[in-house]
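What the coordinates show
Here are the chains, one letter per residue:
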Amino acid sequence: SAVFRKLFGSEPIFTNAGRTSLYAILKSLELPPRAEVGVPLYCCPVVFDAIKQAGLTPRFVDVNLDDYGVSSKDLERRVESLKALVVVHMFGHPADMDSILSVCDGIPVIEDCAQSLFTKYKGAYTGFLSGYSFFSFRSGKYISAGEGSAIFLKNSSGIESVKSIVDRFETRGFIGDIIHSAATYVKSTFYKRPWYGTIGYPLGKRIDQKMNLTAKTGFTPGRIGKSDLAVVGHRIGSFLSKVMKQRENAEYLLGNIRAQKLALPSERPEAWSNFSQFAIRLENEGKRDQLATYLFEHGVDSAKYGDEVLDVVKQEYGYSGDCPNSERASKTVLVIPNHYTLSRKDLDHVVQCVNSGSKLL
């Protein structure tokens with residue numbers, strides 16, 4: 001807590017996962033049963049599940065294709081039915097918060113900062129641009145500490161309300177810690193770099209179907225474990241240097257990828273992205289898959305982020321097909337490596353493969 005207070009000037013409330021934090025925030029709002037909560041269609045489906053588990057209804061909002069954040073124009077069409085909004089700072093790029101807050105005008109806005117640690121919007125950190133926010137430190141996130149999440153709230157009454165909810169969550173005992181550590185080890189083996197995308201992700205999904213390691217559907221709210229909290233506290237104090245390195249890697253990719261058949265990430269003047277992931281976008285699904293295969297054959301891993309989201313929302317939430325940008329993103333976005341551990345030689349290989357592979361599309 002002291003490290004967070006030093007970094008952000010505020011002390012968080014900790015839970016075991018980002019979805020738990022979102023659940024706790026939503027429950028604290030005391031919204032009517034099945035009230036509609038706006039959420040970008042193009043994001044991790046666990047966000048939808050947390051809304052559902054809180055007894056509420058996800059109302060999908062389309063995204064912009066330049067930053068994959070909530071589209072304020074599409075939000076305007078839907079805002080009258082919403083009782084709250086979840087804003088996801090996707091791939092570390094801050095959403096256009098001024099426009100979003102202007103449209104919402106009194107509706108609670110919750111920032112999902114799972115991918116935007118140390119990202120800034122107009123000089124301020126994401127997570128402190130609205131009344132409610134949460135970060136995630138689970139395996140596969142930026143810090144990837146095993147498990148854990150931090151909630152930040154501006155309103156003192158909101159803080160007390162969320163605390164009272166979180167205090168009722170269970171904490172793992174000794175046996176639970178052992179099981180958690182073993183599950184985290186298995187999950188991290190398949191969801192880590194450099195084998196996260198083409199190899200690790202499909203393998204991890206198969207194991208997840210049997211063991212539910214990531215709890216994509218259904219979850220048990222809990223408080224953060226002592227070991228996880230210690231890891232987060234140890235890593236976050238010096239993590240900004242790693243963010244700077246990853247941003248530097250992203251800038252190198254932006255300056256050297258010359259492919260004309262794909263869209264590279266962009267950054268608005270008021271934005272400062274941590275580039276937690278480097279997402280490129282192809283013209284269609286076939287070309288995305290073709291480039292992913294080419295990269296894999298040449299030793300470069302990639303991930304088709306959000307590829308499954310359309311199936312999830314159609315099967316489980318009755319999606320009606322009114323978010324065209326989100327649909328396009330889910331089938332055309334490919335995440336390529338820019339991790340802070342990569343060397344210049346590694347980056348040159350990524351650049352060469354993306355450029356040469358794109359010429360074949």
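Quick caveat, the model's predicted, so the values are computed rather than measured.

1. Notes on the environment of P45
Within the secondary structure layout, P45 lies in the loop between strand 2 (36-40) and helix 3 (46-53). Along the backbone, P45 and E308 are 263 residues apart, and their C-alpha atoms lie at a distance of 8.7 Å.

2. Comments concerning the pairing of strand 8 (residues 132-136)
Taken across its 5 residues, strand 8 has 5 buried, putting it largely inside the fold. Side-chain alternation along strand 8 places Y132, F134 and S136 on one buried face and S133 and F135 on a second face that is also buried. Pairing analysis gives 5 bridges linking strand 8 to strand 9 (residues 149-153), with the strands arranged antiparallel. Across the sheet, Y132 pairs through a bridge with L153, a residue of strand 9.

3. A short note on the packing of aromatic side chains
Given two aromatic rings, one states the distance between the centres and the angle between the planes to describe the pair. Tallying each qualifying case throughout the model produces 25 aromatic pairs. An angle of 85 degrees between the planes, with centres 5.2 Å apart, marks the rings of Y142 and F239 as edge-to-face. Here Y142 is found in the loop between strand 8 and strand 9, whereas its partner F239 is found in helix 10 (residues 239-256), with 97 residues between them in sequence. Each of the two residues, Y142 as well as F239, counts as buried. Among the aromatic residues, ring-to-ring pairing joins F4, F8, F14, F118, Y125, F128, F135, F137 and F152 into one connected group. In this structure, K120 packs its charged tip against the face of Y125, placed 5.2 Å from the ring centre. Lying across the ring of Y252, R344 places its NZ or CZ 4.0 Å from the centre.

4. Brief notes about the sheet that holds strand 12 (residues 278-282)
Hydrogen bonds along the backbone pair up the strands of a sheet, which may run parallel or antiparallel. Overall, antiparallel pairing links the 3 strands, which are arranged 10-12-13 in an open sheet. Whereas interior strands pair on both sides, the edge strands pair on one side only; in this sheet they are strand 10 (262-263) and strand 13 (333-336). Direction of pairing for strand 10 relative to strand 12: antiparallel, over a ladder of 2 bridges. Bridge pairing in strand 12 links L262 to L282. Running over the sheet, helix 11 (residues 285-297) touches strand 10, strand 12 and strand 13 and is turned about 20 degrees from strand 13.

5. Here's the deal with the side chain of T119
One can find T119 in the loop between strand 5 (109-112) and strand 6 (120-121). A polar atom in the side chain of T119 sits 2.7 Å from the backbone oxygen of G92. Residues within four places of T119 in sequence aside, it is in contact with G92, P94, A124, Y125, T126, W272, S273 and N274.

What counts, and where the lines are drawn
- Residues numbered from 1 in each chain as written.
- Predicted model: local features only at pLDDT ≥ 70, side-chain atom pairs only at ≥ 80, totals over all residues.
- Heavy atoms only, no water.
- Helix = DSSP H or I, 4+ residues; strand = E, 2+ residues; numbered from the N terminus.
- Buried < 20%, exposed > 50% of the residue type's maximum accessible area, 1.4 Å probe, protein only.
- Pairing = 2+ DSSP bridges.
- Phe/Tyr/Trp six-rings, centres within 6.5 Å; stacked < 30°, edge-to-face > 60°.
- Lys NZ or Arg CZ within 6 Å of the ring centre and 35° of its normal.
- Contact = heavy atoms within 4.5 Å.
- Axes fitted to C-alpha atoms, helices over the stretch in contact; angles between N-to-C directions.
- Polar contact = N/O pair within 3.5 Å; in protein donor to acceptor, adjacent residues only side chain to side chain.

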